Amino acid sequence: MSFRTTRARLCTAAVAALAAGTLAVGASPAAASASSGYVSGADSYYDDFGDEGTLSTSSYSSSNATCLWQIILLAEGAKESNGTAFDWADIDGHFGPNTKEATESLQSSWSLGVDGKVGPQTFGAADTQWNSSTGSGELEYRGAGSTDATKFKLRYHGAKAYFDFYRTASGQYRFFHDGAWHYASYASNTCD
């Protein structure tokens, strides 16, 4: 075998290995959106929450991501620690004992593992595709927004209430609380 043939084969093998590595990285599951700093999604909206970072009393415990979760707790009618329904006064972006108790209540009603943490299984259960013909599921597409900050208008249908929110052109979620629109950030809390 000539030097030129050996060199060509080595280059071909290196390119093939690099391509295989690139494909493996590209085919891997989406990384948790916490690394991007926001509750976010891409492509289809009904599977955005299943790869989010874990919310708990020790993880992103004071954040707008927690505030978004608390609005879901309200919409679902989750029970807080005193047995009453989670309400607007409980939405402050702080994942404290009351939010943990309401999360456990919701996990139990959804037949999930009960640990009081909002991980992929719990958050993922919240983004089941809405089926208008059967009236089941949680998320419903409500139309296109008018700006990049309101690219997709969505509605979350809970057991007790619903709320509207947006997914921006870059995939970040925005929600309305206490008279203002907030990005569902893991790093800041503007809900309290």
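Structure shown above.
Summarised in this report is the structure supplied together with it. Numbers given for residues are sequential positions, taken from 1 along each chain in its written order. pLDDT decides what is reported in this predicted model: residues at 70 or higher carry local features, side-chain atom pairs at 80 or more are listed and counted, and totals for whole chains, interfaces and linings draw on all residues regardless. Working from all heavy atoms in the structure, the side-chain values ignore hydrogens and water.

## Concerning unusual backbone geometry
Argument step 1. Of note, the phi angle at Ser111 is positive, near 60°, even though the residue is not glycine.
Argument step 2. Only DSSP runs of H or I with at least four residues qualify as helices, and only runs of E with at least two residues qualify as strands; both kinds are numbered from the N terminus onward. Looking at the secondary structure, you find Ser111 in the loop between helix 3 (97-109) and helix 4 (120-125).
Argument step 3. Think of it in three bands: residues with accessible area under 20% of the maximum for their type are buried, residues over 50% are exposed, and the middle band is partly exposed, with areas taken using a 1.4 Å probe on protein chains only. According to the relative accessible area criterion, Ser111 is exposed, its value standing at 65%.
Argument step 4. The phi angle at Asp178 is positive, at roughly 55°, despite the residue not being glycine.
Argument step 5. Along the chain, the position of Asp178 falls in the loop between strand 4 (173-177) and strand 5 (180-183).

## As for the pairing of strand 2 (residues 152-157)
Argument step 1. Sheet topology note: the strand 1 (residues 139-144)/strand 2 ladder contains five bridges and is antiparallel. In the sheet register, Ala144 faces strand 2, and the bridge partner there is Phe152.
Argument step 2. For two strands to pair, DSSP has to find at least two bridges joining them. Pairing of strand 2 with strand 3 (residues 162-167), which is carried by six bridges, proceeds in the antiparallel orientation. Residue Phe152 lies in a different strand from strand 3, and its bridge partner there is Arg167.

## Structural notes on the packing of aromatic side chains
Argument step 1. Two aromatic rings from Phe, Tyr or Trp, using only the six-membered ring of Trp, form a pair when their centres are within 6.5 Å; if the ring planes differ by under 30 degrees the pair is stacked, by over 60 it is edge-to-face, and anything between is tilted. Per the stated rule, a full pass over the model turns up 11 aromatic pairs.
Argument step 2. Taking 6.1 Å as the distance between ring centres and 70° as the angle between the ring planes, the aromatic pair formed by Tyr38 and Tyr183 counts as edge-to-face. In this pair, Tyr38 sits in the loop between helix 1 (3-27) and helix 2 (64-76) while Tyr183 sits in strand 5, placing the two residues 145 residues apart along the sequence.
Argument step 3. A residue is classified by how much of its surface remains accessible, and Tyr38, at 25% relative accessible area, is partly exposed.
Argument step 4. Tyr183 gets classed as partly exposed once you look at its relative accessible area, which sits at 33%.
Argument step 5. Pairwise contacts between aromatic rings join Phe49, Trp69, Phe123, Tyr156, Phe163, Phe165 and Tyr173 into one cluster.
Argument step 6. Positioned above the aromatic ring of Tyr183, the side-chain terminus of Arg174 is 4.8 Å from the ring centre. Consider the ring centre and the ring normal. A charge sits over the ring if Lys NZ or Arg CZ is within 6 Å of that centre and within 35 degrees of that normal.

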